[in-house]
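Chain by chain, the residues:
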Number of protein chains: 2
Amino acid sequence: MNTLNKPNILILGGGYGGIMSAVRLQKELGSDEANVTLVNKHNYHYQTTWLHENAAGTLHHDKTRIMIDDIIDMNKINFVQDTVVEIKKDEKRVILENQELTYDYLVIALGADPETFGIQGLKEHAFSIRSINSVRQIREHIDYCFARYNNDGKRDELLTIIVGGAGFTGIEFVGELADRVPELCREYDIPREKVRIVNIEAAPTVLPGFDEELVEYAINNLERRGIEFLVNTPIKECSEEGVLLATGEEIKASTVVWTGGVRGNHLIENAGFETMRGRVKVEKDLRMPGFDYIFVAGDCALIIDEEANRPYPPTAQIAIQQAYTIGRNLKALINGKNELETFKPEIKGTVASLGKGEAIGKVGNKKLFGATASAMKKVIDNRYLYLLGGIPMVVKKGKLKLF
Amino acid sequence: MNTLNKPNILILGGGYGGIMSAVRLQKELGSDEANVTLVNKHNYHYQTTWLHENAAGTLHHDKTRIMIDDIIDMNKINFVQDTVVEIKKDEKRVILENQELTYDYLVIALGADPETFGIQGLKEHAFSIRSINSVRQIREHIDYCFARYNNDGKRDELLTIIVGGAGFTGIEFVGELADRVPELCREYDIPREKVRIVNIEAAPTVLPGFDEELVEYAINNLERRGIEFLVNTPIKECSEEGVLLATGEEIKASTVVWTGGVRGNHLIENAGFETMRGRVKVEKDLRMPGFDYIFVAGDCALIIDEEANRPYPPTAQIAIQQAYTIGRNLKALINGKNELETFKPEIKGTVASLGKGEAIGKVGNKKLFGATASAMKKVIDNRYLYLLGGIPMVVKKGKLKLF
């Protein structure tokens, strides 16, 4: 590969936005048009939207991760496994733990950090569902608490799991826990009624902003399966012992998992870019304001829904669509065109899984419940795998029922 | 069942000695001869000699345990699931956590307690391989340490496992760990060379007293598979951080498992019986000195090997043989005979497993290595299951290779 006189495109992050940008550039660009480099901490990509299943222990994390060399052609894209330390925007340079890279064009797709809203102790004592490393630790932590119970004074708090936040991740996670806990009880000789799973939400309802009928379906389904909900209940403090609620009530729990929100990666603010909660309010063509050669994708990009006059929640769906736009816009720039495509998210539907065979969702104006919604969720997941690597990838990593 | 005028036989403990005594009495006695009651903490019996495999995670604990109602006929033997709190020998009464029982004849088969030889911190900070509850905690603890590693500063001590004591249990346990660790490394993305398994022994050699050639075979085999040995090295202190050796060296380790020795159950001393390290030097017919109606079996009984002029090590093999003698002697006593059978252990062989397909052993004067010894180990295990419950039990719980 001749690297001379070709522009260097550098993609930071191998999540939905980053890996898909790499895939699109691999397709859009000829090898003589640019050098494309992807930097990622791990040699694998993972499906963030499946991590709650790995954390609960209902799906093995190897199903969720995909080796990067299974997705991109290492002859066409340079892959650097390293961790980004700093973006030096004025020098067009990126410092990694083990080397430095320069760029002509940059795609920032560094994902999210947990947003703890200043709640004391949350950062230190709560787990978060954010990476393969973090979710297998959650899975093993819960297993270990259950394993200790009969050996360690049968302390109730060992069997209490608090999930902070009842947004999509929180609800999907407690749905998986409802499936997993009976298995754990069998494994460790524990009566199911000793286990508490408490989902705590500061807003007046779970899944704030979602269709009321669907929310009610979800609550009924989950309560029937042993989940307790506390809404309108901010967490004041988190400690090794559990949580202190704003009401003054204390709940002792050995496991606290925070799903209450995310913000953009701190590296963006650190670099001196302007952000709102770590996210960049990008231009219509997904470029960083004031930086014509920098694109931002995924959890780091803030996109306003003009109709609703509020930001779109950052989702895998939007990140993937952004990568298509970024791919085409980079190709245009390299070819000297100045008219770039405007990004317009196309919300195809939203489905929240509640566990095995159970889900709620909305596709257009149509509401989906139970098995139908669950099937739709699998269709969405498999569709993404198809975009990543065609039919072979769907066969390899898809959630398929083989008849 | 008519309980009037029939003597009450009470068996305390459902380990090898206790459960086998119950099985033998069920066979030896007619239902009009005595009421037999078995007390055990759990509703299952387990194979203590397999626990190290459950602790390492190479065998699931459900293979090791057998439900008591699968072994004894609940119509012939009363089973009480409860924990013994105190033996009131002068009142022929036993206090359980939830009730009290009286007896005419007592079989004490309460198993062992760990012997820590006064080493500071060992009781608080080291695990021991002693029950289903304890070994599944060890398994999950090790899993959890590995799961934390990549998430928690890659601290070496998370991957260091110290096994105190290189007797049979210690050696068999590190043999299983050598098999298990590569699996754990794959599961948690950890390079094998980061993991240390250190077997520490105060005596000048591992397996003290065992055939030298076999010991050398074991050491070579285990060292080749990544086990480090420190012999002649007493542990001075154990803490949350790891161990302090008598040499002054400190080894940081998140996991310390103590296999350095056992003593008889403390309840026997507490009752006021005379013991040596918690064990009763029983009469030739296995009765408690001075108590014609009390038998002692298993880890609680001290039997002298007259030829070697030292106690036999307490093994499953001897406990099972004792149960046969106790069964016949109780039958004789109930039938008014005063001449009781003398217990004579018949040591059929000793085999130590070193992991999958690897073992060392001695049967008579014949030394066994590798696959042969490993096959012999399985024969011994299956033989016990046959004694417990015939062919169906062997099929259900045996270590069978089905061709």
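No experiment lies behind these values; they were computed from the predicted model shown.

### So, the UniProt feature "domain: FAD/NAD(P)-binding" (unreviewed entry) in chain A
Thought 1: On the UniProt side, "domain: FAD/NAD(P)-binding" (unreviewed entry) is annotated at positions that read residues 8–323 of chain A here.
Thought 2: Annotated as residues 8–323 of chain A, this span is 29% helix and 29% strand, and its ends, taken at the C-alpha atoms, are 17 Å apart.

### A look at the packing of helix α1 (residues 16–28) of chain B against helix α10 (residues 370–397) of chain B
All names here are of chain B.
Thought 1: Viewed as axis vectors pointing N to C, α1 and α10 meet at an angle of 40 degrees, and their least axial separation amounts to 10 Å. With respect to α10, the axis of α1 lies oblique. Across the interface between the two elements, Y16, I19, M20 and V23 from α1 touch Y384, L387 and L388 from α10.
Thought 2: In the contact of α1 with α10, the residues fall into seven nonpolar, no polar and no charged.

### Here's the deal with the domain arrangement of chain A
Residues and elements named next belong to chain A.
Thought 1: For chain A, the assigned domains are domain 1 (8–41 + 82–114 + 262–346) and domain 2 (117–260 + 348–403).
Thought 2: The interface is formed by 12 residues belonging to domain 1 together with eight residues belonging to domain 2.
Thought 3: The interface formed by domain 1 and domain 2 holds one salt bridge in total.
Thought 4: The interface formed by domain 1 and domain 2 includes four residue pairs in polar contact (both at pLDDT 80 or more).
Thought 5: Secondary structure elements with two or more residues in the side of domain 1 that touches domain 2: α1 (16–28), β10 (112–114) and α9 (316–334).
Thought 6: At four residues, the largest contribution of residues to the side of domain 1 that touches domain 2 is made by α1.
Thought 7: Broken down by class, the residue content of the side of domain 1 that touches domain 2 amounts to eight nonpolar, one polar and three charged.

### Quick notes on the nonpolar core
Thought 1: Counting residues in hydrophobic clusters, the biggest one holds 92 residues, and the most contacted among them are F146 and F173 of chain A together with F146 and F173 of chain B.
Thought 2: Once you skip the residues sitting within four places of it in the chain, F173 of chain B turns out to touch H52, A55, A56, I129, I138, V163 and V257 of chain B.
Thought 3: Grouped together as the second largest cluster of nonpolar side chains are 71 residues, I71, L96, I303 and Y384 of chain A included.

### A look at the interface of chain A and chain B
Thought 1: Facing the 22 residues of chain A at the interface are 22 residues of chain B.
Thought 2: Here chain A packs against chain B, burying approximately 1800 Å² in sum over the two surfaces, 37% of which is carbon and sulfur.
Thought 3: Our count for the chain A to chain B interface comes out at six salt bridges.
Thought 4: As a salt-bridge pair, D189 of chain B and R136 of chain A come within 2.8 Å of each other at their nearest N and O atoms.
Thought 5: Inspection of the chain A/chain B interface yields 24 residue pairs in polar contact (both at pLDDT 80 or more).
Thought 6: Secondary-structure elements contributing two or more residues to the side of chain A that touches chain B are α5 (132–149) and α6 (168–188) of chain A.

### Some points on the relation of the copies chain A and chain B
Thought 1: Mapping chain A onto chain B calls for a rotation angle of 180 degrees and an axial translation of 0.0 Å; the resulting RMSD is 0.0 Å. Look at the turn and shift together and you get a two-fold axis relating the two.
Thought 2: An overlap of 100% is found between the interface residues of chain A and their copies at the interface of chain B, pointing to a shared contact surface.

### Observations concerning the packing of aromatic side chains
Thought 1: Within this structure, the stated rule accounts for 13 aromatic pairs over all chains.
Thought 2: Ring geometry for F273 of chain A against F291 of chain A: centres 5.2 Å apart, planes inclined by 80 degrees, an arrangement best described as edge-to-face. Remark: F291 of chain A occurs in strand β22 (residues 291–296) and F273 of chain A occurs in the loop between α8 (266–270) and β20 (280–281); sequence separation between them is 18 residues.
Thought 3: Note on F291 of chain A: relative accessible area 16%, which makes it buried.
Thought 4: When the centroid spacing of 6.2 Å and the interplanar angle of 80 degrees are considered together, the rings of F291 of chain B and Y293 of chain B count as edge-to-face.
Thought 5: Ring pairing ties together the aromatic residues F273, F291 and Y293 of chain A, which thus form one cluster.
Thought 6: A cation sits over an aromatic face here: R65 of chain A above Y44 of chain A, 4.7 Å from the ring centre.
Thought 7: The side chain of K92 of chain B reaches across the aromatic face of Y293 of chain B, ending 4.0 Å from its centre.

### What about the side chain of S353 of chain A?
Residues and elements named next belong to chain A.
Thought 1: With respect to the helices and strands, the residue S353 is situated in strand β26 (residues 350–355).
Thought 2: Side-chain polar atoms of S353 contact the backbone nitrogen of G355, separated by 3.2 Å.
Thought 3: Every residue in contact with S353, bar those within four places of it in the chain, is listed here: I171, E172, E176, E358, A359 and K377.

### Considering α6 of chain A
Residue and element names in this part refer to chain A.
Thought 1: If you check α6, its first and last C-alpha atoms are 30 Å apart, about what 21 residues at 1.5 Å a residue would give, namely 30 Å.
Thought 2: Of all the 21 residues making up α6, 15 are buried; the element is thus mostly covered by neighbouring parts of the structure.
Thought 3: Where α6 terminates, the next one or two residues include D189, which has phi positive at roughly 55 degrees.

### Focus on the pairing of strand β2 (residues 35–40) of chain B
Residue and element names in this part refer to chain B.
Thought 1: Counting buried positions along β2 gives six out of six residues, so the element sits mostly inside the fold.
Thought 2: Pairing analysis gives five bridges linking strand β1 (residues 8–12) to β2, with the strands arranged parallel. Counterpart to L10 in the pairing with β2 is T37.
Thought 3: Viewed along the sheet, the connection from β1 through α1 into β2 turns out right-handed.
Thought 4: Pairing geometry for β2 and strand β5 (residues 77–81), over five bridges, is parallel. Note on β5: the bridge partner recorded for N40 is Q81.

### Some remarks on the sheet that holds strand β6 (residues 84–88) of chain B
Residues and elements named next belong to chain B.
Thought 1: The strand order across the open sheet built from three strands is β6-β7-β8, with neighbouring strands paired in antiparallel fashion. The open sheet has two free edges, formed respectively by β6 and β8 (100–102), since each of these has just one partner strand. The average undirected angle you get between the axes of adjacent strands in this sheet is 20 degrees.
Thought 2: For β6 and strand β7 (residues 93–96), the ladder comprises four bridges, and the chain directions are antiparallel. In the sheet register, I87 faces β7, and the bridge partner there is V94.

### Quick notes on the side chain of D82 of chain B
Residue and element names in this part refer to chain B.
Thought 1: Among the structural elements, D82 can be located in the loop between β5 and β6.
Thought 2: Looking at D82, its side chain comes within polar contact range of the main-chain nitrogen of E97, at 3.3 Å.
Thought 3: With residues near it in sequence (within four places) discarded, D82 still touches V39, N40, K41, L96, E97, N98 and Q99.

About the thresholds
- Residues numbered from 1 in each chain as written.
- Chains lettered and ligands numbered in written order.
- Predicted model: local features only at pLDDT ≥ 70, side-chain atom pairs only at ≥ 80, totals over all residues.
- Heavy atoms only, no water.
- UniProt positions renumbered as here; feature names shortened; annotations may be inferred.
- Helix = DSSP H or I, 4+ residues; strand = E, 2+ residues; numbered from the N terminus.
- Axes fitted to C-alpha atoms, helices over the stretch in contact; angles between N-to-C directions.
- Parallel < 35°, antiparallel > 145°, perpendicular 65-115°, else oblique.
- Contact = heavy atoms within 4.5 Å.
- Nonpolar A, V, L, I, M, F, W, Y, C, P; charged D, E, K, R; others polar.
- Domains from an automatic or database assignment.
- Salt bridge = Lys/Arg side-chain N within 4 Å of Asp/Glu carboxyl O.
- Polar contact = N/O pair within 3.5 Å; in protein donor to acceptor, adjacent residues only side chain to side chain.
- Core = buried A, V, L, I, M, F, W, Y, C linked by side-chain atoms within 4.5 Å.
- Buried < 20%, exposed > 50% of the residue type's maximum accessible area, 1.4 Å probe, protein only.
- Buried area = accessible area lost by both parts, 1.4 Å probe.
- Least-squares fit on C-alpha atoms with pLDDT ≥ 70 in both.
- Phe/Tyr/Trp six-rings, centres within 6.5 Å; stacked < 30°, edge-to-face > 60°.
- Lys NZ or Arg CZ within 6 Å of the ring centre and 35° of its normal.
- Expected span 1.5 Å × (residues − 1).
- Pairing = 2+ DSSP bridges.
- Right-handed = clockwise from strand over helix to strand, strands pointing away.

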